[in-house]
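# Chains, contacts and geometry: an overview
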Amino acid sequence: MNVDDHIFLWNQASVRLHDVRHIVMRAGEQLRSYQLPASAFLFSVRGSGLIRLDGNVHAIKNCYMAHAGKGTYVDIEEIKDELEYYLILYKAHLPLPCRQELLHLLEQTQPFHIQYGLTPMHQANVFVAISRMQQAWNQSGKLDKLRAKALLYQLVCELMAQMQSQGIGVTVPNLVVQAVRYIEEHYAESFTLYDLSTLLNCSSRSLQRTFKAQLAVGPIDYLIQVRIQKAQELLRQTNLGLKEVAESVGYTDSYYFSRIFKKYTGFSPSMYKENPLTSEIRRQSPLLLSRYSIAGQKLWKYNDHIENENHLRPRDGGAVPMYKSTKAMLALNLMLSLTLLLGACSGGSANTSNSGNAATGASNQVATQSNTTQSSANQEGKKSETRTIKHMKGELTLDFKPVRIAVLDTQYADQMIALGELPAGSVITTGDGSRFPEYLMDKLKDVHVLGTKDEPNSEAVVAMEPDLIICTEFQDKIYDNLNKIAPTIMFDRNEDWRETLITFGKILEKEPQAEQIVKDYQEKTNKLKAELATKLKGESVALIRPRDNAIRLHTVEHRTAAILYSDLGLTPPKPAMDKSDTATMISLEVLPEVNADHLFVVTDKANQALTDEYKNSSIWKGLKAAKENKVYEVNTTVWIAYYGPIAINNIVDEIAEELL
């Protein structure tokens, strides 16, 4: 660890003292699964024991100091005699705006989140600072709170000096360990990916990517797996009713729980519980997931006695496959399936028609094998022509018009509406915090919400029973599982919207309408292009998006910027002509070098505060575009997220309104 970097960042940080607690634990007592609400120092005054920070073991002795970040799980055990310690909770961040180099250094070193422990050499100095801090904190005066904060800085100075001389090693907190443990201890509660990421002091996107990288499954999909497994255990081992089981694993609606359980296991809860073979199958396969499971190939379990690198291990010490391929397992599953089928048949013909649904998989080549898709084609009142749809994963042959389409990227709802169709379900964008953008709200008010692009809601996708799913490379890791639910097409998310629209026309049997939309757009932009050339006479136009404490300058390669530069022939500033990427990150200090005559600024609720902060700075006010009142704020959702013909035409209209 480079202590000099930590000292530098502590100097730059804004620090708030959150709480100072003095705690005494008796011999034999334990602290289990306490999750830190903020970054913390723990200093033991006397006694001994073991402290685990996300499973990393520290032996506590007299005057031992440990540090950990927000979201860390703390366990204290093996206490002998009494253990007396102080817990100092604080929050620290870099005030905005700040240089990009500082943000990179903060990300690399994480001084307020790393885990470490040491025995201070000058223990008296540390003890005096902490005891005085606690006394001042317990006073009610504002000056006392300020004095406590000053003593926190004194403590940090003392620790940094001792760490320089001792060469202390640190552990970077593992977000996945923390997330997995939280899920497995709170699976019966209601929480979202955003709630979980906020608890762990990281972004939703970062948590999603890190989780998938380590476990090949997203946090919410992992939560579903845990809930289904817990439900199976309750059904097998107890006499609880369906409503009680549902509520015990986090579902308030028992009917919805039954549907999800059947989709994931292939059997209804009552059939699973009542069949005598269930217990034997549970013995052979701890987690029986059906073809509908949107999950990775392993279900991992946190073990707080494991001290390996990641603190994650499958339950049996090796891989836990979703399916066991032994002959005994196959035989048991076949016997159970036959038993359930015979039981359904004996109940009358009304139940027979559904008996094969759980056993029949969707096919990429013959999509009409599904009863749902056949009925959808019949509802159209005509037989469809067979057509082949080429996509990123191969080809899909259709001889029906899909009716219940699930789109896992926001732009495809726009594409379908432009052709006079509606998706049955769509993901949403989280940029402006609304369900769907205002310009589509009246059309999509009855459409099922399927989560977000980064985190599709597996339960919602299964529950809506689609006859076709359309996704992008963002869902590449779960493509095979999606394809088990319904035939699935994968598009290149950055493909030109016109090409995607023509493909949608083919899927929906509306190719002439799609071609007409493209033709109308071409005529519209050609006319506007000529008018803008006459008006602007070569003045440059830039498209920027304040984000992540910096500014994203979109280049000519970006799909929305292409409307400005390719479709309308506007002049990009020199830095935006870089074709190596779709955008380049610059600091506020560098923005004057862009030197654009006109500035389109993409904003939403997530970045409005940062945008306003930049606009109030002297640097921004000195921009040529700002001085001449040629800065135009535009909505992120329309300009970035909904890359379809309706949004594109709206963008063109906005450009014309501002520049003409």
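Residues numbered from 1 in each chain as written. Predicted model: local features only at pLDDT ≥ 70, side-chain atom pairs only at ≥ 80, totals over all residues. Heavy atoms only, no water.

Here we come to the overall build of the protein chain. Looking only at helices and strands, the protein chain features 28 helices and 21 strands. Expressed as a percentage of the 660 residues in the protein chain, the buried residues total 52%. Pairs at least 24 residues apart make up 72% of the contacts formed inside the protein chain by residues separated by at least 6 positions. Looking at the protein chain as shown, the accessible area adds up to about 29700 Å², and 49% of this sits on carbon and sulfur atoms. (Helix = DSSP H or I, 4+ residues; strand = E, 2+ residues; numbered from the N terminus. Buried < 20%, exposed > 50% of the residue type's maximum accessible area, 1.4 Å probe, protein only. Contact = heavy atoms within 4.5 Å. Areas by Shrake-Rupley, 256 points an atom, 1.4 Å probe, with all protein chains shown as cover.)

Each aromatic ring pair is specified by the distance between its two centres and by the angle formed by the two planes. One pass over the full model with this rule turns up 13 aromatic pairs. Their ring planes at 20 degrees and their centres at 5.5 Å tell us that Phe-41 and Tyr-90 sit as a pair that is stacked. Residue Phe-41 is located in strand E3 (residues 39-53), and its partner Tyr-90 is located in strand E6 (residues 73-93); the two are separated by 49 residues in the primary sequence. The same class applies to Phe-41 and to Tyr-90, which are both buried. Here Phe-491 and Phe-504 contribute two aromatic rings whose centre-to-centre distance is 5.7 Å and whose plane-to-plane angle is 55 degrees, an arrangement assigned as tilted. Separated by 13 residues along the polypeptide, Phe-491 in strand E16 (residues 488-491) and Phe-504 in helix H20 (residues 497-507) bring together distant segments of the chain. Assessed through its relative accessible area of 4%, Phe-491 is described here as buried. Each member of the aromatic cluster is reached from another via a ring pair, and the members are Trp-10, Phe-41, Tyr-90 and Phe-112. The aromatic ring of Trp-137 is capped on one face by Lys-145, whose charged end is 4.2 Å from the ring centroid. (Phe/Tyr/Trp six-rings, centres within 6.5 Å; stacked < 30°, edge-to-face > 60°. Lys NZ or Arg CZ within 6 Å of the ring centre and 35° of its normal.)

Right, let's get into the sheet that holds strand E20 (residues 598-603). Across the sheet, which stays open at both edges, the five strands sit in the order E19-E18-E17-E20-E21 with mixed pairing between neighbours. The two strands at the open ends of the sheet, each matched to only one other strand, are strand E19 (583-586) and strand E21 (631-635). Going from strand to strand, the sheet's axes swing by 30 degrees on average, the running direction of each strand aside. Pairing between strand E18 (residues 550-554) and E19: four bridges, direction antiparallel. Counterpart to Leu-553 in the pairing with E19 is Thr-584. (Pairing = 2+ DSSP bridges. Axes fitted to C-alpha atoms, helices over the stretch in contact; angles between N-to-C directions.)

Time to look at the environment of Leu-199. Relative to the helices and strands, Leu-199 is located in helix H6 (residues 193-199). Judged by its relative accessible area of 26%, Leu-199 is partly exposed. Considering only alpha carbons, one finds Leu-199 and Thr-72, 127 residues apart in sequence, at a separation of 9.7 Å. Setting aside residues up to four positions removed in sequence, Leu-199 forms contacts with Gln-35, Lys-70, Gly-71 and Tyr-182.

So, about the sheet that holds E16. Strand order in the open sheet formed by five strands is E14-E13-E12-E15-E16, with parallel pairing between adjacent strands. The sheet is open, and its two edges are formed by strand E14 (448-452) and E16, each paired on a single side. Ignoring strand direction, the axes of neighbouring strands in this sheet form an average angle of 20 degrees. Here three bridges tie strand E12 (residues 405-407) to strand E15 (residues 468-472), and the two strands are oriented parallel to one another.

The subject of this paragraph is the packing of helix H5 (residues 175-186) against helix H7 (residues 204-215). Viewed as axis vectors pointing N to C, H5 and H7 meet at an angle of 90 degrees, and their least axial separation amounts to 9 Å. One way to sum up the angle between H5 and H7 is to call them roughly perpendicular. In this structure, H5 contributes Leu-175, Val-176, Ala-179, Val-180 and Ile-183 to the contact, and H7 contributes Ser-206, Leu-207, Thr-210, Phe-211, Gln-214 and Leu-215. Across the contact of H5 with H7, the residue classes tally to eight nonpolar, three polar and no charged. (Parallel < 35°, antiparallel > 145°, perpendicular 65-115°, else oblique. Nonpolar A, V, L, I, M, F, W, Y, C, P; charged D, E, K, R; others polar.)

This next bit is on helix H10 (residues 254-265). For H10, built from twelve residues, the straight-helix expectation of 16 Å at 1.5 Å per residue is met to within 8% by its first-to-last C-alpha distance of 16 Å. Within the span of H10, buried status applies to Phe-257, Ser-258, Ile-260, Phe-261, Lys-263, Tyr-264 and Thr-265. Its buried side turned inward, H10 meets helix H8 (219-237), helix H9 (242-248), helix H11 (269-274) and helix H18 (458-463). Taken from the residues just after H10, Gly-266 is the one with a positive phi, measuring 95 degrees. (Expected span 1.5 Å × (residues − 1).)

Here the focus is the confidence of the model for the protein chain. Summing up the model confidence of the protein chain, the mean pLDDT is 78 and the portion of residues at 70 or higher is 81%. Low pLDDT, under 50, characterises residues 281-382; the stretch is placed with 192 contacts to residues that sit more than four places away or in other chains. (pLDDT = per-residue confidence, 0-100.)

Let's shift gears to helix H24 (residues 608-615). Along an α-helix, a turn takes 3.6 residues, which lines up residues three or four apart on a common side. Taken residue by residue, H24 has Leu-610, Thr-611 and Tyr-614 as its buried positions. All buried residues of H24 lie within an arc of 100 degrees about the axis, which places them on one face of the element. Buried residues in H24 make contact with strand E17 (541-547), E18, E20, helix H25 (618-621) and E21. (Arc of directions from axis to C-beta.)

Right, let's talk about the pattern of salt bridges for a bit. Opposite charge on two side chains allows them to pair when their charged atoms are near. Tallied over the entire structure, the rule returns 23 salt bridges. A salt bridge links Arg-46 to Glu-84, with the nearest nitrogen and oxygen atoms 2.7 Å apart. One end of the pair, Arg-46, is in strand E3; the other, Glu-84, is in strand E6, with 38 residues separating them in the sequence. We classify Arg-46 as partly exposed; its relative accessible area is 35%. You can call Glu-84 buried: its relative accessible area is 13%. Each of Arg-32, Arg-52, Asp-75 and Glu-77 takes part in a single network of salt bridges with overlapping partners. (Salt bridge = Lys/Arg side-chain N within 4 Å of Asp/Glu carboxyl O.)

The subject of this paragraph is the packing of H20 against helix H21 (residues 511-536). Interhelical geometry of H20 versus H21 gives an angle of 160 degrees and a closest axis separation of 7 Å. Taken as axis vectors, H20 and H21 run roughly antiparallel relative to one another. Considering only the axes of H20 and H21, their crossing is right-handed. Taken together, the residues of H21 that come into contact with H20 (itself represented by Trp-497, Arg-498, Leu-501, Ile-502, Gly-505 and Lys-506) are Glu-511, Ala-514, Glu-515, Ile-517, Val-518, Tyr-521 and Gln-522. (Left-handed = near helix turned anticlockwise from the far one by under 90°.)

What follows is about the nonpolar core. If you look at the biggest cluster of nonpolar residues, it comprises 75 residues, and the most contacted ones within it are Ile-470, Leu-570, Phe-600 and Ile-655. Sequence-distant contacts of Ile-655, defined by excluding residues within four places in its chain, comprise Ile-563, Leu-564, Leu-568, Leu-570, Phe-600, Trp-639 and Leu-660. Core analysis: the next-biggest nonpolar cluster, separate from the first, contains 52 residues, Leu-196, Phe-267, Tyr-272 and Met-464 among them. (Core = buried A, V, L, I, M, F, W, Y, C linked by side-chain atoms within 4.5 Å.)

Attention now goes to the side chain of Thr-525. Mapping Thr-525 onto the fold places it in helix H21. For Thr-525, a relative accessible area of 1% puts it in the buried group. Engagement of the side chain of Thr-525 in a polar contact is seen with the backbone oxygen of Gln-522, the distance being 3.2 Å. Among all residues touching Thr-525, those that are not within four sequence positions of it are Asp-567, Leu-568 and Val-652. (Polar contact = N/O pair within 3.5 Å; in protein donor to acceptor, adjacent residues only side chain to side chain.)

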